Amino acid sequence: LLKSLSLPPTIVVTSHPSFALTCFDIDTVVDFIEKPVTLIRLTRAVQRATLKTPPTLPKALFLKVGHKMQQFNIDDIMYIEADGIYCKVHTKSEVILANINISDVEKKLSNTHLVRLHKSFIYNLIQIASFDNRYLWIGKQRFSLGVQYRGKLSQILNAQPTQ
């Protein structure tokens, strides 16, 4: 069963220790626990499972555009701009109006490199060419950093902006 499924890191728990060697032939199995399970042994297994799991970032975002759901490659998005109850998605090649407000888009992007740094803008961290205490640049275009977001960019990028 384990070989036939595509699973995240898996911990096998059984009362039959004879299965241990066979389990480790499966790439997704990170640990094997024999019953009865102790809290210490379970904790150690969970730590192994989470250490082996690299964080994966979503590659695409689906937003409603008109009457259909449209896919956006996250790496192609330069920035997202609020436009009332809608938002404009600025990609490398076009600007598309999506039927969603910027706060709802921000929730969908929580595990990506697109970050809200202004009440009206979400920026792609990969596209930022430079920044200081008040502005950031994507290419040659300058954008304001929101007052409440100014320290956030430095923390995310682990850099100190120039004065």
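Remember, predicted model here, so these are calculated numbers, not experimental data.

Some words on the sheet that holds strand β9 (residues 121-124)
Where strands meet in a sheet, backbone hydrogen bonds hold them as pairs that are either parallel or antiparallel.
Piece 1. On the basis of which strands lie adjacent, the open sheet formed by five strands has the order β7-β6-β5-β9-β8 and antiparallel pairing. In this open sheet, the two strands that pair with only one neighbour each are β7 (95-98) and β8 (114-118). The average angle at which neighbouring strand axes cross in this sheet is 25°, direction not considered.
Piece 2. Alignment of strand β5 (residues 77-83) against strand β6 (residues 86-91), held across six bridges, turns out to be antiparallel. Across the sheet, the residue bridging to Glu81 is Lys88, located in β6.

Describing the packing of aromatic side chains
Piece 1. In total, this model carries six aromatic pairs according to the counting rule given.
Piece 2. Each ring, one from Tyr79 and one from Phe121, has its centre 5.9 Å from the other, and the planes form 55°; the classification is tilted. Residue Tyr79 is located in strand β5, and its partner Phe121 is located in strand β9; the two are separated by 42 residues in the primary sequence.
Piece 3. Pairing Phe121 with Phe143 gives two aromatic rings, centres 5.5 Å apart and planes at 65°, and the pair type is edge-to-face.

A closer look at the nonpolar core
Piece 1. Core analysis: the biggest nonpolar cluster contains 17 residues, and Leu63, Ile80 and Val105 have the highest contact counts within it.
Piece 2. Where this core is concerned, the elements lending two or more residues are β3 (60-65), β5, β6, β7 and α3 (102-108).
Piece 3. For this core, the element with the highest residue contribution is β3, accounting for three residues.
Piece 4. Excluding its chain neighbours within four sequence positions, the residues that come into contact with Ile80 are Cys87, Lys88, Val89, Ile102, Val105, Leu109, Leu114, Ser120, Phe121 and Ile122.
Piece 5. Counting residues in hydrophobic clusters, the runner-up holds 15 residues, among them Phe131, Ile138, Tyr149 and Leu153.

What to know about the side chain of His90
Piece 1. Along the chain, His90 turns up in strand β6.
Piece 2. Assessed through its relative accessible area of 11%, His90 is described here as buried.
Piece 3. Engagement of the side chain of His90 in a polar contact is seen with the side chain of Glu81, the distance being 2.9 Å.
Piece 4. Not counting chain neighbours up to four residues away, the residues in contact with His90 comprise Asp76, Ile77, Met78, Tyr79, Glu81 and Val95.

Thresholds, definitions, all that
- Residues numbered from 1 in each chain as written.
- Predicted model: local features only at pLDDT ≥ 70, side-chain atom pairs only at ≥ 80, totals over all residues.
- Heavy atoms only, no water.
- Pairing = 2+ DSSP bridges.
- Helix = DSSP H or I, 4+ residues; strand = E, 2+ residues; numbered from the N terminus.
- Axes fitted to C-alpha atoms, helices over the stretch in contact; angles between N-to-C directions.
- Phe/Tyr/Trp six-rings, centres within 6.5 Å; stacked < 30°, edge-to-face > 60°.
- Core = buried A, V, L, I, M, F, W, Y, C linked by side-chain atoms within 4.5 Å.
- Buried < 20%, exposed > 50% of the residue type's maximum accessible area, 1.4 Å probe, protein only.
- Contact = heavy atoms within 4.5 Å.
- Polar contact = N/O pair within 3.5 Å; in protein donor to acceptor, adjacent residues only side chain to side chain.

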